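Now for the letters of each chain:
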Amino acid sequence: MVSRVRVWLNRTYAENVFFMDQLRRNPSDRAVDIHATHGDADSPVLAAADTADLEPEGLSPAGYVEYALDQCRRRGIDVFVPRLHQAAIVAHRADFTAAGTALLAPPPEAVAVFHDKVIAYEAVQAIGVPVPPWRRVRTADELVAAVDELEADGHRACFKPASGAGGVGFRVITRAPFALSQLSGFPTPYVQLDMVVEALKQAEEQVDWLVMPRLEQPEVSVDCLTGPDNRIRLSIGRTKNGRRRGFTLQEQWLEPARRIAEGFGLHYLSNIQFRMFGDVPVLMDVNTRPAGGLHQLSLCGVNAPWAAVQLALGEDPGEIVPPFLGQDYAIVSGPRQLRAVSFPQQRVEETEPLPAAVPAPVDSVEVGQAAQALPL
């Protein structure tokens, strides 16, 4: 009898409820139990999991590693998909292996390269992958000089943190004065240069930003599955152009993504994002973790989460070619159940599993889902 697989996702994105759904609906018909932890008791991943714990707050990276090892031992975790404190966790891979847990994450050297976007851009440029022009800035004077230079070349400047994920901190620079028109409609990423400069001058600490041209659409996110042997098993591009989403197997996107994933040992699931600089696709970002939208590959007949778990368990799924490319689609939101409000106070003995998701007819959260687009 094939044993049940225990998978743990720690403090992950709400959209990964679909990642969890795909693990349960795996083509191997293998029984999967999912453990989830989060700092927010209202995270939908806690309700979607078979067992769940609230994570302690304020742990250092080293303290979190000890917490994670304890979770793996007590919960009998076979495969751990770390997001929070990924760098610290992969540095202790041997300890997790000794606990009987496989880490679905790249080695520490690969995580370190792509933690800092400056190091990442320099590294991928060295292997021939195009990157946009960029300047690292820490002060108001450096920001103004970088913006002046880009605008002189006819570009619109934007900035983002040198480290970070999910588009947090991304802003587009404008010199237009702040006006009442900007208080109507929805908030935008545009910020006035003079306001940013003043904020930097008033700040007590330096920032660490990259200033670069605003890149054009389409945006293409290439989801890659790479084995510990540095060989690609799967690469599919997800395209984004305004509201319209789709898929691509064009080599102008996939070839540089494969070069990065294999060249830097981005084992298991990674997501490599490109946009256009003029008529050239350039690297925008590299995520050393599964993308929140990975589940959308199901529209191409592919179950990437399960293939990754198979690899982590030493069961090579071989090269995965999508049987078809799904139709264009759009992202819509829908309700997802939460655990009962009493969840933060629930505690059970270590040997007793936590209850499955508690029905919550009132409380819900909106989570994005892929929906096929109507013909235009």
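Residues numbered from 1 in each chain as written. Predicted model: local features only at pLDDT ≥ 70, side-chain atom pairs only at ≥ 80, totals over all residues. Heavy atoms only, no water.

1. Quick notes on the pairing of strand E15 (residues 280-287)
Link 1 in the chain: Burial analysis of E15 places 7 of its 8 residues in the buried class, the great majority of the element.
Link 2 in the chain: Taken together, the 7 bridges between strand E14 (residues 268-277) and E15 define a ladder with antiparallel strand orientation. Paired with Phe277 across the strands is Val280, a residue of E15.
Link 3 in the chain: Hairpin connection of E14 to E15: 2 residues between the antiparallel strands, including Gly278 at a positive phi of 70°. (Buried < 20%, exposed > 50% of the residue type's maximum accessible area, 1.4 Å probe, protein only. Helix = DSSP H or I, 4+ residues; strand = E, 2+ residues; numbered from the N terminus. Pairing = 2+ DSSP bridges.)

2. Looking at the environment of Asn16
Link 1 in the chain: Topologically, Asn16 is positioned in the loop between strand E1 (5-10) and helix H1 (17-24).
Link 2 in the chain: Sequence separation between Asn16 and Ala91 is 75 residues, and the spatial gap between their C-alpha atoms is 24 Å.
Link 3 in the chain: Look past the residues within four positions of Asn16 in its chain and what remains in contact with it is Leu9, Ala291 and Gly292. (Contact = heavy atoms within 4.5 Å.)

3. Some words on the sheet that holds strand E10 (residues 209-213)
Link 1 in the chain: Within the open sheet, the 5 strands sit side by side as E6-E10-E7-E8-E9. Their pairing is mixed. Taken across any chain shown, the strands that pair with only one partner, and hence form the sheet edges, are strand E6 (135-137) and strand E9 (190-192). Averaged over all adjacent pairs, the angle separating strand axes in this sheet is 35°, with direction ignored.
Link 2 in the chain: Pairing analysis gives 2 bridges linking strand E7 (residues 157-161) to strand E8 (residues 171-174), with the strands arranged antiparallel. Bridge assignment links Cys158 to a residue of E8, and that residue is Val172.
Link 3 in the chain: Lying on the sheet, helix H7 (residues 117-126) is in contact with E6, E7 and E10; it crosses E10 at an angle near 50°. (Axes fitted to C-alpha atoms, helices over the stretch in contact; angles between N-to-C directions.)

4. A closer look at the nonpolar core
Link 1 in the chain: Within the largest apolar cluster, 39 residues are counted, with the highest numbers of intra-cluster contacts made by Val7, Leu23, Leu104, Leu269, Leu297 and Val309.
Link 2 in the chain: Counting residues per element, the ones that place at least two in this core are E1, H1, strand E2 (32-38), helix H2 (44-48), strand E4 (79-81), strand E12 (232-241), E14 and helix H11 (304-312).
Link 3 in the chain: It is H11 that contributes the most residues to this core, 7 residues altogether.
Link 4 in the chain: Once residues within four sequence positions are removed from consideration, Leu269 is found in contact with Phe19, Leu104, Cys224, Leu225, Thr288, Arg289, Pro290, Leu294, Ala304, Pro305 and Ala308.
Link 5 in the chain: Counting residues in hydrophobic clusters, the runner-up holds 31 residues, among them Ala110, Val124, Val172 and Val220. (Core = buried A, V, L, I, M, F, W, Y, C linked by side-chain atoms within 4.5 Å.)

5. As for the layout of surface pockets
Link 1 in the chain: In this structure, the second largest pocket encloses a volume near 430 Å³.
Link 2 in the chain: In this structure, the second largest pocket is lined by 21 residues; those nearest its centre are Gln86, Val111, His115, Ala165 and Thr288.
Link 3 in the chain: Taken together, the elements giving at least two residues each to the lining of the second largest pocket come down to helix H4 (86-90), helix H6 (108-115) and E15.
Link 4 in the chain: Looking at the lining of the second largest pocket, the element that brings in the most residues is H6, giving 5 residues.
Link 5 in the chain: Partitioned by chemical class, the residues of the lining of the second largest pocket number 11 nonpolar, 6 polar and 4 charged. (1 Å grid on protein atoms, 1.4 Å probe; cavity = no way out; pocket = protein on both sides within 12 Å on 5 of 7 lines; lining within 4 Å. Points joined across faces, edges and corners; volume = space filled by probe spheres on them. Nonpolar A, V, L, I, M, F, W, Y, C, P; charged D, E, K, R; others polar.)

6. Remarks on the confidence of the model for the protein
Link 1 in the chain: Of the residues in the protein, 91% reach a pLDDT of 70 or more, and the chain-wide mean stands at 91.
Link 2 in the chain: A low-confidence stretch, residues 344-362 (pLDDT under 50), is modelled with 27 contacts involving residues beyond four sequence positions or located in other chains. (pLDDT = per-residue confidence, 0-100.)

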